[in-house]
Amino acid sequence: MGVEGCTKVIKYVLFFFNFFFWLAGGVILGVALWLRQDSQTSSLLTLQLDGNQAPNTFYISVYILIAVGAVMMFVGFLGCYGAIQESQCLLGTFFACLVILFACEVAAGIWGFMNRAKIANEMINFYDAAYDKASGNNQAAATVLKAFHETLDCCGKGDALGIITGLFQDICPKNTLSMPTNCHTRLKEIFSDKLYLIGIVALVVAVIMIFEMIFSMVLCCGIRNSPVY
């Protein structure tokens, strides 16, 4: 049994799409692992204030990405093998996996869009709590605040009082005393930039998945209708 003509072209096109899908899964897995081990986010998200851990919503998103990347690599391999072997069973399984992945990605995208500011706001609230307690000579809070300032190269909420307080308590980086950067702004920048990176990767993957679903069904129909020699 073998496909001919345009269906044969689709077979190899699907193979290459699946190869890129497998690569995309590897990229997502690599990006997720990088986000998990990134020094800026790791140093901030491991902080504790009076026994309370920093918000971990960002890490939850990263763990989901790690799982998605691993599944995509498996599904990409399944699609490549199914296309080359012209197996209706493997292609059908591949299509079902793609539908599930696509539905999960759309749901995750909607959730991410609706909660796009939640991660930054949680970290800002955590920073403000440490800031207020440090103003009351709380040494543990001052340590947390200093970690924020050194990691993000910022100081205070943007007001002059915060800079003066940081100067006397020695919790502001020296190079930010002359031209201080608002820590609220820096927190929004660092987490928003990473979320935009995730969004761009997810959009590219979604487009690839749509084409793969179309090609897999066309190839499956072509295999079913191909003559048997």
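Note that this is a predicted model, so its numbers are computed, not measured.

K.L.:
Before we move on, can you summarise the UniProt feature "transmembrane region" (unreviewed entry) in the chain with the specific residues and values?
P.N.:
Within the UniProt annotation, "transmembrane region" (unreviewed entry) is assigned to residues 12-35, 56-84, 90-113 and 195-219. Split by type, residues 90-113 is 100% helix and 0% strand. Its first and last C-alpha atoms lie 34 Å apart.

K.L.:
Could you give me a rundown of the pattern of salt bridges, with the residues and numbers involved?
P.N.:
Oppositely charged side chains can form a pair if their charged atoms are brought close together. According to the stated counting rule, one finds one salt bridge in the structure shown. Here Glu-86 and Lys-11 are joined by a salt bridge, their closest N and O atoms 2.8 Å apart. Here Glu-86, found in the loop between helix 3 (57-85) and helix 4 (88-114), pairs with Lys-11, found in helix 1 (residues 6-37); they are 75 residues apart in sequence, far enough to count as distant. Of the two residues, Glu-86 and Lys-11, both sit in the buried class.

K.L.:
Residue-level account of the nonpolar core, with values.
P.N.:
In this structure, Leu-14, Phe-21, Met-72, Leu-98, Val-205 and Leu-219 are the most contacted members of the largest nonpolar core, which totals 27 residues. Secondary-structure elements contributing two or more residues to this core are helix 1, helix 3, helix 4 and helix 8 (183-225). If one sorts the elements of this core by residue count, helix 8 sits on top with nine residues. Ignoring sequence-local partners within four residues, the contact set of Val-205 consists of Phe-21, Ala-24, Ile-28, Met-72 and Glu-105.

K.L.:
How would you sum up the layout of surface pockets? Please name residues and give values.
P.N.:
In this structure, the largest pocket spans a volume of roughly 1000 Å³. As for the largest pocket, its lining consists of 37 residues, and the residues nearest its centre are Ala-108, Gly-109, Gly-112, Ile-198 and Gly-199. Elements with a contribution of two residues or more to the lining of the largest pocket: helix 1, helix 3, helix 4, helix 5 (118-135) and helix 8. Of the residues assigned to the lining of the largest pocket, the class counts are 27 nonpolar, seven polar and three charged.

K.L.:
Report on the packing of helix 1 against helix 4, specifying residues and quantitative values.
P.N.:
For any two helices packed against each other, the geometry is given by the interaxial angle and the distance between the axes. Running from N to C, helix 1 and helix 4 point in directions that differ by 45°, and their axes come no closer than 14 Å. With respect to each other, helix 1 and helix 4 are oriented oblique. The chirality of how helix 1 crosses helix 4 is left-handed. In this structure, helix 1 uses Leu-14, Asn-18 and Phe-21 to contact helix 4, whose residues at the interface are Leu-91, Phe-94, Leu-98 and Leu-101. Here the contact of helix 1 with helix 4 is composed, by residue class, of six nonpolar, one polar and no charged.

K.L.:
Could you give me a rundown of helix 6 (residues 139-152), with the residues and numbers involved?
P.N.:
In this model, helix 6 (14 residues) spans 20 Å end to end at C-alpha, consistent with the 20 Å of a helix rising 1.5 Å per residue. Those residues of helix 6 lying buried are Ala-141, Ala-142, Val-144, Leu-145, Phe-148, His-149 and Leu-152. All buried residues of helix 6 project into a common sector of 160° when viewed along the axis, lining one side. Pointing more than 90 degrees away from the buried face of helix 6 are the exposed residues Gln-139 and Glu-150.

Criteria and cut-off values
Residues numbered from 1 in each chain as written. Predicted model: local features only at pLDDT ≥ 70, side-chain atom pairs only at ≥ 80, totals over all residues. Heavy atoms only, no water. UniProt positions renumbered as here; feature names shortened; annotations may be inferred. Helix = DSSP H or I, 4+ residues; strand = E, 2+ residues; numbered from the N terminus. Salt bridge = Lys/Arg side-chain N within 4 Å of Asp/Glu carboxyl O. Buried < 20%, exposed > 50% of the residue type's maximum accessible area, 1.4 Å probe, protein only. Core = buried A, V, L, I, M, F, W, Y, C linked by side-chain atoms within 4.5 Å. Contact = heavy atoms within 4.5 Å. 1 Å grid on protein atoms, 1.4 Å probe; cavity = no way out; pocket = protein on both sides within 12 Å on 5 of 7 lines; lining within 4 Å. Points joined across faces, edges and corners; volume = space filled by probe spheres on them. Nonpolar A, V, L, I, M, F, W, Y, C, P; charged D, E, K, R; others polar. Axes fitted to C-alpha atoms, helices over the stretch in contact; angles between N-to-C directions. Parallel < 35°, antiparallel > 145°, perpendicular 65-115°, else oblique. Left-handed = near helix turned anticlockwise from the far one by under 90°. Expected span 1.5 Å × (residues − 1). Arc of directions from axis to C-beta.

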